[in-house]
Amino acid sequence: MNFSLTDDQRAIRAAIEKICVPFDDAYWLKKDREGGYPQDFHAAFARDGWLGIAMPQDCGGAGLGITEAALMMQAVAESGAGFSGASALHMNIFGLHSVVVYGTPEQKKRFLPPLIEGRDKACFGVTEPNTGLNTAMLKTRAERKGDHYIVHGQKIWTTTAQVTNKILLLARTTPVESGVRPIDGLTLFYTDMDRTHVEVREIEKMGRKAVDSNQVFIDGLRVPVEDRIGEEGKGFRYLLDSLNPERILVAAEAIGLGKAALKKAANYARERVVFDEWDRLEAQRAGQGIVFVTMHFGNWDLGAALIARHGVGVAAIADRFGHPRVNDYVIGSREHLGMTIIPSDHVGPGLLRALRRDDVVAVLIDIPAFEDGVPITFFGDTIRVSDGAARLALRA
């Protein structure tokens, strides 16, 4: 399979990255310290139509798929917005997919355009305090009274309930005691958050302060029958069309957050100078032989970043113990250091093969690969390694 991005997908990433530029580290640090929903961030995506990336075109969406939505959310997290920015958006991206699939044409026209335009915000009313992941046994009940339902119950960990005016609500319409299978007694609604019958209490938590998490208490909420999605008793099955894409988007966001962290770490390593000896690497920019950099306890991150800062394009890593982190580091270095890292499994034939490449101009060597003070010779150059300190040996 070809996993390369198409031109259109690359254009999506570029557009998302551009939107995120004004929302820099200072913006998200303030949000994380002071809290408060990032309304201007949400509005920027609504203004450019991105909240409807996976919504039908006849409702104002782009009609794209989960791949494009995942690329969007990865780019959001990777911008530095992390899960604060992603959580402010992704309910609007995946949450109403149950409505897209099972809603009537009238419901789609009524519910989707306001969400895409940013006029509506929705929260996910599923998890309950005493059922956890056992959704089939949730207790919030909806009793039909003619042309409407009356809902009583409680939800927990409901994200953004402080600022939303809509809720995708899963409630029990058939008691478990009736003998039906528990999942067959659940019904899905998309309805107004009528604050006269819904109380929202924010839960204090560590991190992601910009996006509130809440307990929701529902007491006599009136839900019109026309706000029911699909048939009564099939809500759990309908909900899966929202939950499954959520897993993909959250995974993409996690990758984006990891890339953002790696980029920041690499930038810091490039700028940080630990030993004055590193300045001697400047002499190698004119291609004067091979630089051997010995780093204690496998500290390749620091060594490779400092080499890259001095203009070295290709380097090799030598580690006698075949550390499993080498391959991961090799992959990351290409993107974040702008330098190709060639792994060799140990100091010996693998390293010699790497050194025979004309483009290798630097070698990172793990000090524990040698006994303290033992002289090591590479192509006529003797390097005496002192354990516990990083040093350079240059070959003219």
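Everything here concerns the structure above.
The structure reproduced in this document is the subject of the present report. (Residues numbered from 1 in each chain as written. Predicted model: local features only at pLDDT ≥ 70, side-chain atom pairs only at ≥ 80, totals over all residues. Heavy atoms only, no water.)

1. Considering the overall build of the protein chain
At step 1: Each helix and strand in the protein chain was counted, giving 10 helices and 15 strands.
At step 2: In the protein chain, the proportion of contacts linking residues at least 24 apart, taken out of those at least 6 apart, comes to 73%.
At step 3: Per element, the accessible surface of the protein chain, about 19,000 Å² overall, is 52% carbon and sulfur. (Helix = DSSP H or I, 4+ residues; strand = E, 2+ residues; numbered from the N terminus. Contact = heavy atoms within 4.5 Å. Areas by Shrake-Rupley, 256 points an atom, 1.4 Å probe, with all protein chains shown as cover.)

2. A word on helix H2 (residues 25-34)
At step 1: What H2 keeps buried is the set Tyr27, Trp28 and Lys31. The buried residues of H2 all sit within an arc of 90 degrees when viewed along its axis, so they share a single face. Exposed side of H2, more than 90 degrees from the buried face: Ala26, Lys30, Arg33 and Glu34 are the residues found there.
At step 2: Of the residues trailing H2, glycine 35 is marked for its positive phi of about 75 degrees. (Buried < 20%, exposed > 50% of the residue type's maximum accessible area, 1.4 Å probe, protein only. Arc of directions from axis to C-beta.)

3. Describing the nonpolar core
At step 1: Counting 54 residues, the largest nonpolar core has Ile16, Phe41, Phe45, Met72, Leu168 and Tyr190 as its most contacted members.
At step 2: Setting aside residues up to four positions removed in sequence, tyrosine 190 forms contacts with Leu96, Val99, Phe111, Leu115, Ala122, Lys166, Ile167, Leu168, Asp227 and Ile229. (Core = buried A, V, L, I, M, F, W, Y, C linked by side-chain atoms within 4.5 Å.)

4. Some points on the environment of histidine 42
At step 1: With respect to the secondary-structure elements, histidine 42 resides in helix H3 (residues 39-47).
At step 2: The exposure class of histidine 42 is buried, given its relative accessible area of 0%.
At step 3: Once the C-alpha coordinates of histidine 42 and glycine 118 are considered, the two residues, 76 residues apart in sequence, prove to be 7.5 Å apart.
At step 4: Once residues lying within four places of it in the same chain are set aside, the contact partners of histidine 42 are Tyr37, Leu51, Ala88, Leu89, Asn92, Gly118 and Lys121.

5. So, the packing of helix H1 (residues 7-20) against helix H4 (residues 66-94)
At step 1: Taken N-terminus to C-terminus, the directions of H1 and H4 make an angle of 35 degrees; their axes are 9 Å apart at the nearest point. The crossing of H1 and H4 is right-handed. Every residue of H4 that contacts H1 at Gln9, Ile12, Arg13, Ile16 and Cys20 is listed here: Thr67, Glu68, Leu71, Met72, Gln74, Ala75, Val76, Glu78 and Ser79. (Axes fitted to C-alpha atoms, helices over the stretch in contact; angles between N-to-C directions. Left-handed = near helix turned anticlockwise from the far one by under 90°.)

6. Observations regarding the packing of aromatic side chains
At step 1: Counted under the stated rule, the structure contains nine aromatic pairs.
At step 2: A ring pair is formed by phenylalanine 23 and phenylalanine 41, whose centres lie 5.1 Å apart and whose planes are at 90 degrees; its orientation type is edge-to-face. Of the two residues, phenylalanine 23 is situated in the loop between H1 and H2 and phenylalanine 41 in helix H3; the sequence distance between them amounts to 18 residues.
At step 3: Its relative accessible area of 0% is what places phenylalanine 41 among the buried residues.
At step 4: Where phenylalanine 111 meets tyrosine 190, the ring centres are 4.8 Å apart and the plane angle is 80 degrees; that geometry is what we call edge-to-face. You can see phenylalanine 111 sitting in helix H6 (residues 105-116) and its partner tyrosine 190 sitting in strand S5 (residues 186-192), a full 79 residues away along the chain.
At step 5: Phenylalanine 111 sits in the buried class, given a relative accessible area of 1%.
At step 6: Through successive ring pairs, a cluster of aromatic residues spans Phe23, Tyr27, Trp28, Phe41 and Phe45.
At step 7: Above the face of the phenylalanine 217 ring, arginine 201 is positioned so that its terminal group lies 4.2 Å from the ring centre. (Phe/Tyr/Trp six-rings, centres within 6.5 Å; stacked < 30°, edge-to-face > 60°. Lys NZ or Arg CZ within 6 Å of the ring centre and 35° of its normal.)

7. Some points on the side chain of threonine 187
At step 1: You can see threonine 187 is positioned in strand S5.
At step 2: For threonine 187, a relative accessible area of 0% gives the class buried.
At step 3: One polar contact links threonine 187 to threonine 173, side chain to side chain, over a distance of 2.7 Å.
At step 4: Those residues in contact with threonine 187, other than ones at most four positions away along the chain, are Leu169, Leu170, Ala171, Thr173, Arg228, Glu231, Glu232, Gly233 and Gly235. (Polar contact = N/O pair within 3.5 Å; in protein donor to acceptor, adjacent residues only side chain to side chain.)

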